[in-house]
Structure formats: structure tokens, C-alpha cells
Amino acid sequence: MNTWLTDVTFYDNVRAQHTLITKHFDIQHARAVIGWSMGAGQAFQWATMYPDFIDICVPFCGAAKTSIHNQVFLEGAKAALLATKKQPSAGPSKDGVLPKGEEYRTWTAEERENGLKAFGRVYAGWGFSQTFYRQKVYETHLGFKGLEDFLTNFWEAWFLSKDPENLLVMLRTWQAGDCSDQEPYNGDFKAAMRGIKAKTLVLPSKTDLYFPPEDSEIEVANMKLGVGELGIFPSGDLQNHDLNLLGIDNHFGFFDVQFQRMIEPEANVTWIKDALNFQPCCLHSKARLQQPLIIPEKQLLKVKTTLVDTVMADSSVKPIELSFPLPKAPDTSIHLHLTINKTSLLLFLTTAINGDTSTTAPLGSFVYALPDRINSSQALSTPLYTFESSVEFTTRLAKLLARKSGKPVYVGNSISFASAGMGGTVEEEMEGFKKVVEVVMDEVQRSDDFEAQALPIPWAFCVPAYRRLCELYRKTAQGFHIQVMVMAWQPQEEPLRQLSRCLRDSLSGHNKTAQKQAELMLADAKSSPDINNYLTYLFSSSQAPGGLPYSFEEYFAIRSAAAIMLKNNIKTGYKGIPMESLGLIRSSIPNSLQDQNPLIRSYAGNVITEIVSRGGILGWPQLLPELMTLIANENGSVTPEAQEGAMAALAKICEDNKKVLDKEYAGERPLTFIIPKLIDFAGNPKPKIRSLALGCLNVFIPHPPQALIANLDHLLNRLFQLASDPSDDVRRQVCRAFVQIVEVRPDKILPHIAGLVDYMLAQQQKTDDEDLACDAAEFWLTVGEHNELWQSLGPYLNKIIPVLLESMVYSEEDVALLEGGGDDADIEDRAEDIKPTFAKNKSARTLANSEEGGESNQNGGNYAKISGMDDDLEEGEVSDYEDGDDDGNPEDRWNLRKCSAAALDVFATDFGGPVFETILPYLMKNLKHEDWSYREAAVLALGAVAEGCMDVVTPHLPDLVPYLISLLKDTEPLVRQITCWTLGRYSAWGAGLVEPTLRSQYFEPMMEGILTKMLDPNKRVQEAGASAFAHLEEKAGPALTPYCEPIIRQFVRCFEKYKDRNMFILYDCVQTLAEHVGAGLASPNLIDLLMPALIHRWHKVFDQSRELFPLLECLSYVATALGESFIPFAPPVFTRCIKIIHQNLEESLAAVNNPILDAPDKDFLVTSLDLISAIVQAVEDEQAAALVSASQPQLFDLLSFCMEDAANDVRQSSYALLGDCAKVVFPQLRPFLPVLLPKLIHQLDLDSILDSQKESGFSVINNACWSSGEISIQYGKEMAPYVGKLLERLLSILGNPEVPKSVLENAAIALGRLGLNNADVLAPHLSTFSEPFLKSIKGVDFTLEKATAFKGFLLVVVSNPQAMEKDIARLFTSIARYKKDLAYETPLTADLHQMFQHTIDLYKTLIPNFSTFLSQQIPANDVTSLTATYNL
């Protein structure tokens, strides 16, 4: 063996290749390098070794660095081969170890045979997938008789054709593969990947056992942003590494689509497939040389030259063109195109019927052959392109010509003998074969350049020439009538027609039958593998394709429907979309960004955004740079439509992928590049671009990434530049930006506050654009609520408040829409009038003194915007609940009037008296104004300052309240409506009157007036009256008990009169009364009044009605208030709740398994779970147990599913119910705990909380903590197997600074309660949780929860007192400050005082000079308390 061959690396190969093509072929730059398997490793080597030499790198089914797992597999094959020579392997990338004293010797025939057979059998387990063997594909597809036949006659036979030393050299090269093992990377793999400059398309095979996709993901992730892209070959389960071995050609369709995007779009890349087909590195061929395919400069993709110009020989050689008849068929001629070069022959052949010049011959085969220098009677060949009917003839011809001429020969043959005299018999074919050989050899003999012994150039090193030959063979053959039509995916006419018709009919509002049929057909069409191709084709075609008879308007609707369906398909089934389809979508949809129609551009942006959201940034890495290039339009060639479309698409991507864009990829974050570009785009000459760019930046300001913080001054300068922009849209975005910067960087706003006040006032007074004015008014709301900035507005109140008051008056347009609303109480509501109501799930189980439990007054409390209803809708898509009238009704949307009132409310809270003094003249002037709109605005202003200015308004209320009560009879419904609201705001004053005379003079008329308006002839006044009365109920609380009978009688009348819309707010009134009056509602006469009305609605409302949400919620509060009095109503209500939960869960499961089904509304689950929880607590324990035991399906089986529901609200209510059941029906719960507890523990994982859902996510964890504590009390020692994992989760919560206070407290209580029965399990870990427990429990009120937690903690302490060394002082302080309460009266906590005493006595024996220790470690007052209470 030549030892210099033992250490050949990819580095050596690529250096040799570089020398060959630059020195000998004079190619100084390559468009692309493509390689498979070890060729892929060399492609990576090219990209890192000569990063400026190539534009594109496409390694597929290979690796930049051979993995350890791969090296181990190769070691096994190498060891099997070496064992036959009794040589162990010296390790990866090394030779075998020679026996002591023995030198290298050649292989004996026996060693060679046994070694290669062993090598083949080891390799057999890696060459194909598990599925290949499981399904016995070697029999069904390859024709072998059985496994042994396959191993012997395939794997062994194939490797027996190899030289063992060649295999070892190749194997060592593979093992040593590492493109970072060179200067300047020196083994730093990440640096090597970052050093790649060429666009790199990494294509692993899904089932490759050598080079799995996970390794490729690491490679791409470490490349610079925009450089690397990952695409996974959709190989079937039968394939492994050799994509073409089974003749499965679909991979090249995938390759074509993927590679097409890497080069210029107009280029035809199908020739790459041919190049890969003839490359032995891509076929399981006999001459397996794994070299990369090197493609020269871009312009060579468009070669328009003769064949001879492509050859690496004397360019002066001219081709010989001859034509002669077939010997046995004179009417059929063979056309011959021969080029005789010094080192090779190039021959093209085709046939034609005499006189027929129009017939296009089918593409034939292209074969390369060269003489065998070892056996001159033979020739070697490989097919470069194959066509089944001609490949055998072409191969024989090429080999014979190579043997006779002694030169390498290229033969392209599309001869057809079908038109010959006898239809192409063997005799005719043989005669034709002989004639071609004869003619060619005659020409060769006459050639002056003929040299019989010319040395051939090894074809594996002439890749550029082969590429050119293959390209020309595919594209041109001048004078030969060869025409090749290679096209991307094309639709079939009939399916396209059917789909377009279905899309059109699905939008039909006139023919419901056709619409339903179309929807069903579209649902069925989703199962077609080409459905997304058809949708893409329809959407991206700007005009109706031929054969589709649609008008412009009809086809626009079809395109729109196609885009929406395509987007939804991507959203729900991205992972199942074939890679070829994704490639088609990615290459086609961006073209629609330049469509003339803005809606089409918007739809294109929606689809693009969905792809990025589902596939990630790395799935389409070139997209963002390309969009920004379009927007920048540096060369001026981009149309305005394309600029706007690209900007809109970028804005959508940013909005939906904020966190993804701020992740690090190969050490860089996309936003580092995007944010500065957006600020630049905000200065674009086109107002639409400026507005979209600012809107995009506004997406990031609320949670600013580092890139935005670093560029904030640049952004502020841009905002100040755009403050006077002529576009209202741009100024609206400027206002929004300033408002959001207030929240994140108030220090940047404060120096400019004076100028901003003037600017926002000016914009707010732009009444011709209410949206702009409203965005400006948001500034007061935001600054007024900011702890650091609100005082800065003090000097400007006299300027701001008059503008706010002016903005609170209905505009002329609003008056025209609203005036004279009329008496409509008897008119049935339209379905679209009933807005969706969302269930309010049971609040998180907070403690009595928790700060998180109250309602927030942020954004003006009652003025707060209704948000989140249509978050998933994109531009151009319509909500199911959108009736089209909201924008025309100012009462149904957040507007300038409401925003101004909310700002006034906030100012009143901030500044108090001065605000009321400022508005007082306005009130005196307008409260009795003749124009109802000014009268209404004055009442609104008075209500807005109620909470903040109550002290200064109170002296005026004895005069104001009677006047407001009189306004309840105003002729204008809107005045009556706002008066109800304002009286509700002042109801706290009335409820607080203690003197009976004053109560009868003010509070009772106020209450009676509002109650009366609940039956006003106008529906909106009814709604306002009900809402105001609910507010009064909250303020009055138990003081309403004496008035319950007239109140409930009015409620019952409302139940009889109300239409569907106001029924929702009526339920709120009932439940609020039940919540605040409580047991005062449980008298028999009140039950007899209220319950029949509720039960009547209960029977009337069907299970799918949205009215069921507030009804169930209302009943849960009523059940709690009535307690045992609710027992007669409990069984049917409980049973129906079980039924609703079961039905909802089944529908959810069906929707998961069948995407065409709509998912059910989870609010049904929330309200049903909460009502069951209320019933379980309200009725007697025995009846609760009976209800739970009799439930069908079993309650806890259903609860198990609810505890894992994707919706936070459902899980929150589930864990509340779980805890309640642990308290009331534990014997029924116990058998299910082995299933439920692991799910509870999993829920306590903080990583499960999404940033976008933090508040509700923490509420779920809060209830899970609480329920775990309740279970711990009841489960006793059986809780022991779960203590370790629970402790881990609870400690994680207690140690996280982002966790809200209430959650920390409940986690501490749960942890303490674990010690009640499992102190021995917790004791060894005491030192890890003593400090966070004592810190978190400190703020909890002295309730039963705290008592039980402290007792459990003390039991752990006495089990391991030494573990408290660092926390003894904190423990004694907690004991000293612990206050006795009614909690001591329970059996569980009755001995808590004794536990405190026992703990102190224990440490007295352990700590020397205990009194000194106490005086030095804890405050003196705490020492005094301990001494007095525990006899120190």
C-alpha cells in the first residue's frame, strides 16, 4: 500500500480541485458548489476554505463535521474489515495496528473476501432504514428471495467489487471530516460556520442514519443571519442515505424547487438534477467517487453557444454534421453531430422521417465512456442522463467508440427506430448501430488530430465540462430538433376549474346550498397533497388562467378565498405540507406583494407571516433581507406597490414574531439589523412606508429589545422629524410611539413634556380624523397613570382639561347617528346585536389580604377598551361577530369621547381638587344646557371625576344627586343612559349615609331611580341602569339586605321583559347581589321569588347558547349564597354541568382529529366547572358526595382532561374545583389522585407559562398550589411519593422574583402543609426551603391557611433542628409576631401554640446562652413578646 494515500482529507481534495479548476480550466469564480454525502462535506470545505470563490453552497445528505456517532459506526465497519488481517483499529481516522514485528503486506484473497463480506454486512444495517427491513422492501421492490439473499447478493457482492485499501482510505477521510480543522478556525466549529459567506442551502434527508437533520440544524444555526437555510428532503421511510437507490425520483422535484430559489428566478435548474443523476456521488453506482459538483459563473446558466465551445479543448475544432438513411429503412434518416477533439469525442444522434422537419424527438440518453487501460478489450462507462428506451443502445455505442478510438467519448442519443420500415426490429437496430460506428470511425480516422493513445482525463475531475455538456444536452442541440420542456409544477385544468368554482361558491351569500356544498368539497380537498399548490397558483395568478370563465370581480374573490384557505392550511398543518409545496409557496407568494390591489398584497403578507411563524426564521432566512431590499429600493427599480407590499409583510412578520426576531442565531439577533432599517424606512418619501415602518417599531416599544434601546435616540429624532408630517396616518403612529415610550423610558419623555403637551393638544383637536385625535388623547391617559410622570402635567391642566371636555361632546356625526334612539325595548334583538360574552372564571385562590385580588382601574376602569376579541384576524378577514355597524355606533367602540373621559378620571385621581375646580364652571354652564349633547357631556364629566374628587364634590352632592335623579326622566335616551352611569359612580356616597333620614332622602331615591331605569323603554338605558345597579350593589354590600325583596321583584320583572342582549347584564346584577348580600338572600320568600325566574331561564337556554355562560356563572354565586337552601336545585344543575363538560371535551377531541370541525367554546367548561365548585361547597357534604359519586361520566375523569386543557382559564377553574373537592368530597377524590397529582405537579412548572399569558398563567399556578395544599392535608402519608417533586416545583416558584406575591404565598402555604404528614420526607431538605418559606409566609394574614402551613413547617423543623442554623432568628421573629385567631379553634391547629412552645424549648436546649442569642439576633419588642407568651 502507498502510505501517502492513508491520510487524505477533505482539505486535500478541495485544494486539488481548486488548483485544477483555477489553473487548468481558468475558472476564477464559481456560481455554486453542490455535493452529496462526502461530496457535501467537501462542499462545506469549499465554503469555509474559499469563502469568496462561490456564491452558493448546497451540501445535501452530508455534514460539515463528522459526528461522533458517525465515527463510531464507521469504526465498526473498519474493525470488521481489519479483523480478517488480525489487525485492530488504531481509532477514528487512523490505520489498523500491525502485529508486533510485522510490516505492511497486501491482502490475501481469503482475507480480502472475508473482510469485504464482513464490511458489507455491517454496512447493511446503516444503508437502509428500519422500515425498509421491517417491510421487507428487499423482496417487494428489489426482487431478492429473502434477507440472506439480499445480504449476500447485494451488500456482499457490492463490496466485493471494491479494493479494501481504497475503502479504508475513504473511510478515514470520512472520519476525519471537519471543515473547522484548518486556518483560521483551528477547530472552532462555530467560527467555521460563521466564516461561510456563500448562501448555503443545507438539505439533510429526513431518515438518514448517517447525517440526521438535527446535525444540519446545528450547522445552519451557527451560520450568520441570512446565510444558511435548512430544507429537509421528504424521503420516505424506506430510504436512508441513498436517495435514488430505489428509483424514487421525487426528491429531485424537491431539490429543483429548493435550488431554484437560491439562483436567479428565471433560471431553469432542472439540469442540476441531471448533473446529480450523472454524478456518481449521487447514485449508488459502481464508480462511487464522492466529489462536489462545481458550477461556474452565473452567466453560464444561460449558455447560447455550440457544443464545441463547451469542451475543454481547442476551440477551433468545428463539429461535423452528417445525415444518412437507415440501411433497412431508407425513409428514416440518422442525423449525426460529431466533434472530434484532441482528447475526446462528442457525438449527438437523432432520427427523422424524410421530409418531416417539425417533429420533436423525445429526449434520449447521454452516456460517458472511456477506455479501460488495464483491459484494452473493455471500456468503462457511466450514464449522465438516462431515457429507458435508449440507454442500453447509447451505452453500447459509447463503450465501443471509446474502445476503438482510445479516447473518452460522450454520446447523446435520441434515435428512434419505431418509424423504421419494420417498426424497429432487432435487425434494423443492429444495422443502424453498425452504420453509426462505421461513419464515426471513418471521420475519426480522417481527423488530423487523431491520436490513438491519447490519455483520457478522469471524468471525475472535469465536473465543469460535464455540467456544461449536460446543460447543453438538455437545452440545445442545434439542427437536431431536440426540444426539452422542463417545467415547475403545473395544475391540471379540471381540478383547477373545480377548486376555483368551490372557492367562488363558498363566498356565495345568496345560494346557501351551493355554499354548503362548496365548503364540504373544500374540506375534502384539504386531503389532496397538491391542494396548496393549486391555492398558490390561483392566488399568485393576477389574471384568471385560461379556461376559467370569471369576471375580474369574481376572480378577485377567488384569489382572496384561496389566500385565506392557504394561510389557514399553513396555520393548522404546516408540518404536513410537502417540502415541494412549501418551496412553490415561498417562490410564488412574494410576487403578489407587488400586486396592484392592496388587499391582495395584504393577503400575501398574511401567508408569508404564517409561514415564518410556523417554520421559523431559519426556515426562510433570505426572506427578511429580501423584503428590506425591496423596501429600500436603492436602485430605484422597485415599484411603489412592491415597496408597500414588502413593508406591510415585514410589519406583519414583526408583529407575530417579536420574540423569535430577538433570539440569537450564530451570535446575532435579527432585530439588530431590522430596527435601524425600520427607523430609516420611517423617513421614506412614501407616506404609506413611513406609517408602516413606525407601526412596525410600535410593535416592539412596549417590551423593547436591546436593539431598540440602543437606537432609541435615533428613533426619537425620527419621531420629532415626523411630528409635522402631512400624513394623518404617520402622525397617528408618532402619537402612538410617544405614548408607548412613556411606559418604557419616561426619562426620555420628561425633558420634552412641554412641547409634547402642545403637540398632543394640537393633534387631539384634529376632529376631522378622530383616530388621530384619540391616539393623541391616549397620551394623557398614559402619562397620568405613570408614577414618575403624572406630576409633570400639573402646570398644564388649565390647557389640557378644556380640550378633554370639548372632546367629550358627541360630534355632529355621532348625534346624527344616535339622536332619538327611541323606545325599542319590545323589539327583538338581532343575532348580530348580541356580542360574545366571555366567562369570568373563578379568580385565583388569593389570600384575604392579597394585593392582586381587586379590580384594576387602569385605563380609566369603566372606559377600558374591549380588546383581544379578534386577535387572530388579519387585514381583510372578517370576524364571525362583526356586524359592520360598530364603526357607525360610537357607543360600541373605543373613541375620542371615552378616551377623554378616562383621562379626566385619571387626572381627578392624580390631582383631586384642582381638577374639579377647573371643570366646575363647565358643569354649571352645561348641566342644564338646552342642547342634550352638552347636557350629556356635563353629566359624563361629573361622573368621570367621581372617584378622584369625591371629597371636594361631596358638599355639592345634596344638590347634584336630586338633579341627576330628575335627569333619569330626560327625553333623550342618551342623557338617561349616562345619568345612570354617573349615579352609579356616586352610589358609594349614598350607601355610606348612616343617618336614616339622609338615606331615605338620597340613597333610596337613587336606588329606586336606577332600578326603575332597568325597565326603561330604551334598551341601552336598561343596560346602563343594570350596570349602574351592579355598581351600587358592590358599594352598598350587606346594607342592601333590607331592600332585597323589592330589588328581586324588579329583577324578576326584568327577566320577563328583557331581550337576549340585556339578559347578560341582568345575570351580573343577580350574581353581584348574591355575592355581597350572601346568606341574606337565603330567606324562603326571596328564594321563592328568585329561583323560579332563574330555573325558567335554565330550562329555556339550550346547551350551545352563549347565554349559558352568564347563567352558569350567576348560579354559582347564587348557590354559594343560598348554601344548603340550594339543595333542591342542585341535582339537575349538577347533572347538566357534567353533560356540558363531557360534550365540550368530546367536541374538542373531534376538532383536534378533524381540522375542518370548529373547536368548541371553552367558556362552557369554565362556567360549568365553577358552578360545580359552588354546588360542592354549598350543599351538605353527604349530598355533595352523592352528586359526585353518581356523576356520569365520572367528574374526576373529566377533570383529568380539563387540568391539561390548553386554555389557562379552563385549567384555573379545574384546579379551583380540585381543591374544593379535596376539602369536601375527599373520599370520592382519593382513588383518582395517582392520575391527577402528576398532572398537578407538571402544572407547577414555571416554564409552561407563556410570556403573552403571564397573568392568567400565574393564576393557574396559584390555584394549583392551593389545591396541592388542600390535598396534602387530606392525603396523609400517601402523599409521600409526590413530596420530592412537589418540593422541587414549589422551591422553583419561591425562588423566582417574577412570581406575583399571591402565588408566592400560596406556594409557601402548600409547602408548609406538606409537612403536616410528611415531615420526615421534607426534613433532610429543610435548609433549602426554610428561608423562602419564612419570607413568603410573613405577609399572609393569620388565617387557617397560615396556621396549617406553620404547623407543618414546625413539624419539619423539630425533625431536623440543626438545618435551621441560618434561619433561627427569622423563625423566632415569625413566632413572636404570630397572632392568635379563630383558626386555633379547628382540631388541626388547636395545638399550634404548643408547637411554638415545643420548638422554642428545643432550641433552648441546643443553643448555649439562649437569652443572649435572642437579644442579639431579633428586635427587642419581639424578645419581649416571646418572653411574655412562651415563658422564656
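Here, the structure is the one placed above.
Report on the accompanying structure. Everything quoted here is computed from the prediction, not taken from an experiment.

**Details of the packing of aromatic side chains**
Summed over all chains, the structure comprises 52 aromatic pairs. Residues Phe128 and Phe150 carry aromatic rings whose centres are separated by 6.1 Å and whose planes lie at 45 degrees to one another, so their mutual orientation is tilted. Residue Phe128 is found in the loop between α4 (109-127) and α5 (130-134), and its partner Phe150 is found in helix α7 (residues 147-160); the two are separated by 22 residues along the sequence. Exposure class is identical for Phe128 and Phe150. Each is buried. The ring of Trp158 is capped by Lys162, whose NZ or CZ atom sits 4.2 Å from the centre of that ring. Sitting above the plane of the Phe539 ring, Arg559 keeps its charged end 5.7 Å from the centroid.

**Quick notes on the packing of α4 against α7**
Orientation of α4 relative to α7, taken along the N-to-C sense of each, is 115 degrees, at an axis distance of 8 Å. The handedness of the crossing between α4 and α7 comes out as right-handed. On the side of α4, the interface is formed by Arg112, Glu113, Leu116, Lys117, Phe119, Gly120, Arg121, Tyr123, Ala124 and Gly127, while α7 contributes Glu148, Leu151, Thr152, Trp155, Glu156, Phe159 and Leu160. The class makeup of the residues in the contact of α4 with α7 is eight nonpolar, three polar and six charged.

**Things to note about the pairing of strand β11 (residues 409-414)**
The element β11 is largely enclosed, with a buried count of six among its six residues. Burial along β11 is two-sided: the residues Val409, Val411 and Asn413 and Tyr410, Gly412 and Ser414 are all buried. By the bridge criterion, five bridges tie strand β9 (residues 365-371) to β11 in an arrangement that is antiparallel. The residue bridging Tyr368 from the neighbouring strand is Tyr410, located in β11.

**A word on the nonpolar core**
Core analysis: the largest hydrophobic core is formed by 326 residues, its most contacted members being Trp780, Leu1094 and Phe1372. Dropping the residues within four chain positions of it, Phe1372 is found in contact with Ile1400, Tyr1403, Phe1410, Phe1413, Leu1414, Ile1418 and Leu1426. One finds Phe10, Leu82, Leu168 and Phe211 within the second-largest nonpolar core, a separate group that totals 30 residues.

**Regarding the environment of Thr84**
Structurally, Thr84 can be placed in the loop between α3 (68-83) and α4. Judged by its relative accessible area of 23%, Thr84 is partly exposed. Each C-alpha atom, one on Thr84 and one on Gly115, is 5.4 Å from the other, the two residues being 31 residues apart in sequence. If sequence neighbours within four positions are ignored, Thr84 has contacts with Trp107, Glu111, Asn114 and Gly115. There is a polar contact of 2.9 Å between the side chain of Thr84 and the backbone oxygen of Leu81.

Calculation notes
- Residues numbered from 1 in each chain as written.
- Predicted model: local features only at pLDDT ≥ 70, side-chain atom pairs only at ≥ 80, totals over all residues.
- Heavy atoms only, no water.
- Phe/Tyr/Trp six-rings, centres within 6.5 Å; stacked < 30°, edge-to-face > 60°.
- Helix = DSSP H or I, 4+ residues; strand = E, 2+ residues; numbered from the N terminus.
- Buried < 20%, exposed > 50% of the residue type's maximum accessible area, 1.4 Å probe, protein only.
- Lys NZ or Arg CZ within 6 Å of the ring centre and 35° of its normal.
- Axes fitted to C-alpha atoms, helices over the stretch in contact; angles between N-to-C directions.
- Left-handed = near helix turned anticlockwise from the far one by under 90°.
- Contact = heavy atoms within 4.5 Å.
- Nonpolar A, V, L, I, M, F, W, Y, C, P; charged D, E, K, R; others polar.
- Pairing = 2+ DSSP bridges.
- Core = buried A, V, L, I, M, F, W, Y, C linked by side-chain atoms within 4.5 Å.
- Polar contact = N/O pair within 3.5 Å; in protein donor to acceptor, adjacent residues only side chain to side chain.

Read these as geometric descriptors, not functional statements.
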